[in-house]
Amino acid sequence: MTAGPTATTTAARRTEQLFRVALVVKGVDGAAELLGAVALVLVSGDWLHRVVAQILARDLVGPPDGTLARHLAEGVDRFAGGDRTFVIVYLGLHGVLKLGLVAALLTRWRPAYPPAVVILAVFVVYELVHAWHTHSIVLPFLAALDIAIIVMVVREYRLLGREAAGSGAGRDR
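None of these values were measured; they are calculated from a predicted model.

1. Observations regarding the overall build of the chain
Then comes step 1: Across its full length, the chain holds 5 helices and 0 strands.
Then comes step 2: Helices (α) and strands (β) of the chain occur, in sequence order from the N terminus, as α-α-α-α-α.
Then comes step 3: Classification of the 173 residues of the chain by burial places 31% in the buried group.
Then comes step 4: Counting only carbon and sulfur atoms, one obtains 70% of the accessible surface of the chain, whose full area is about 10600 Å².

2. Focus: the nonpolar core
Then comes step 1: One finds Phe-19, Leu-105, Tyr-113, Ile-149 and Val-153 to be the most contacted residues of the largest nonpolar core, which totals 18 residues.
Then comes step 2: It is helix 5 (residues 139-167) that provides the largest number of residues to this core, a total of 6 residues.
Then comes step 3: With residues up to four places along the chain from it excluded, the contact list for Phe-19 reads Leu-105, Tyr-113, Met-152, Val-153 and Glu-156.
Then comes step 4: Leu-40, Phe-79, Leu-139 and Leu-142 belong to the second largest nonpolar core, which has 15 residues in total.

3. What about the UniProt feature "transmembrane region" (unreviewed entry) in the chain?
Then comes step 1: Feature annotation in UniProt places "transmembrane region" (unreviewed entry) on residues 87-106, 113-131 and 137-154, given in this structure's numbering.
Then comes step 2: Along residues 137-154 the backbone is 89% helical and 0% strand, and the end-to-end C-alpha distance reaches 27 Å.

4. Considerations on helix 4 (residues 113-134)
Then comes step 1: Compared with the 32 Å implied by 1.5 Å per residue over 22 residues, the 31 Å span of helix 4 between its first and last C-alpha is a close match.
Then comes step 2: Within helix 4, burial applies to Tyr-113, Ala-116, Leu-120, Phe-123, Val-124, Glu-127, His-130, Ala-131 and Thr-134. Seen end-on, helix 4 carries its buried residues on one side only, within an arc spanning 145°. In helix 4, the exposed positions angled more than 90 degrees off the buried face are occupied by Val-118, Val-122, Val-125, Trp-132 and His-133.

5. A look at the packing of aromatic side chains
Then comes step 1: Here the structure, examined in full by the defined rule, presents 3 aromatic pairs.
Then comes step 2: Centroid distance Tyr-90 to Phe-123: 6.2 Å. Interplanar angle 90°. Geometry classified as edge-to-face. Of this pair, Tyr-90 sits in helix 3 (residues 67-106) while Phe-123 sits in helix 4, placing them 33 residues apart in sequence.
Then comes step 3: A relative accessible area of 10% places Tyr-90 in the buried class.
Then comes step 4: Look at Tyr-90 and Tyr-126: their rings are 6.2 Å apart centre to centre, the planes differ by 25°, and that puts the pair in the stacked class. Of the two residues, Tyr-90 is situated in helix 3 and Tyr-126 in helix 4; the sequence distance between them amounts to 36 residues.
Then comes step 5: Site record: aromatic cluster; members linked through ring pairs are Tyr-90, Phe-123 and Tyr-126.

6. Observations concerning unusual backbone geometry
Then comes step 1: Despite not being glycine, Arg-108 shows a phi value in the positive range, around 60°.
Then comes step 2: Tracing the sequence through the fold places Arg-108 in the loop between helix 3 and helix 4.
Then comes step 3: In this structure, His-135 is a non-glycine residue whose phi angle is positive, near 60°.
Then comes step 4: Residue classification places His-135 among the exposed residues on the basis of a relative accessible area of 58%.

7. Notes on the pattern of salt bridges
Then comes step 1: Tallied over the entire structure, the rule returns 5 salt bridges.
Then comes step 2: Between Arg-108 and Glu-156 there is a salt bridge, with the nearest N and O atoms lying 3.8 Å from each other. Residue Arg-108 is found in the loop between helix 3 and helix 4, and its partner Glu-156 is found in helix 5; the two are separated by 48 residues along the sequence. Across this residue pair, the class does not change: Arg-108 and Glu-156 are buried.
Then comes step 3: Taken together, the shared-partner salt bridges connect Asp-29, Glu-33 and Lys-98 into one network.

8. Concerning the packing of helix 4 against helix 5
Then comes step 1: Helix 5 packs onto helix 4 with a crossing angle of 165° between their chain directions and a minimal axis gap of 9 Å. It follows from the interaxial angle that helix 4 and helix 5 lie roughly antiparallel. When the axes of helix 4 and helix 5 are compared, the crossing they make is left-handed.
Then comes step 2: The class makeup of the residues in the contact of helix 4 with helix 5 is 21 nonpolar, 1 polar and 3 charged.

Thresholds, definitions, all that
Residues numbered from 1 in each chain as written. Predicted model: local features only at pLDDT ≥ 70, side-chain atom pairs only at ≥ 80, totals over all residues. Heavy atoms only, no water. Helix = DSSP H or I, 4+ residues; strand = E, 2+ residues; numbered from the N terminus. Buried < 20%, exposed > 50% of the residue type's maximum accessible area, 1.4 Å probe, protein only. Areas by Shrake-Rupley, 256 points an atom, 1.4 Å probe, with all protein chains shown as cover. Core = buried A, V, L, I, M, F, W, Y, C linked by side-chain atoms within 4.5 Å. Contact = heavy atoms within 4.5 Å. UniProt positions renumbered as here; feature names shortened; annotations may be inferred. Expected span 1.5 Å × (residues − 1). Arc of directions from axis to C-beta. Phe/Tyr/Trp six-rings, centres within 6.5 Å; stacked < 30°, edge-to-face > 60°. Salt bridge = Lys/Arg side-chain N within 4 Å of Asp/Glu carboxyl O. Axes fitted to C-alpha atoms, helices over the stretch in contact; angles between N-to-C directions. Parallel < 35°, antiparallel > 145°, perpendicular 65-115°, else oblique. Left-handed = near helix turned anticlockwise from the far one by under 90°. Nonpolar A, V, L, I, M, F, W, Y, C, P; charged D, E, K, R; others polar.

Put into structure tokens, the structure is as follows:
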């Protein structure tokens, strides 16, 4: 039993809507990363230590000696002790690239799709390698999100190629 043209069209529309929602989420994430980088340029390590101490004192992330609290305290120590430049550059670069890619993909600019896959794949590799070295619990999650976006970008790129071939408009928009 095969799906009819209406079922296929409905599934394609649903997939494109999911792709667009994922891109908007990625764009919001990129904007948050860029704003985070700017904020981190403006705040001191001492201020971050005070904020974390307040969070831990109020048990906002569980017991003060728990895993999440320990990761938070260790992360702030690493950040204040020298990872600051890495975090700022990573967040800033990741945010700017995400925003640019999201803008290009939302306008369905076909030449942006292959570089988007490559850039996101580089981020995945970097996130996983850095997570391995730092034992980060956040970076593998971000890598998984980037992998999901890569899958959707490839699928959308193929759909755009089929649309272009079907309409005879094989040129870039």
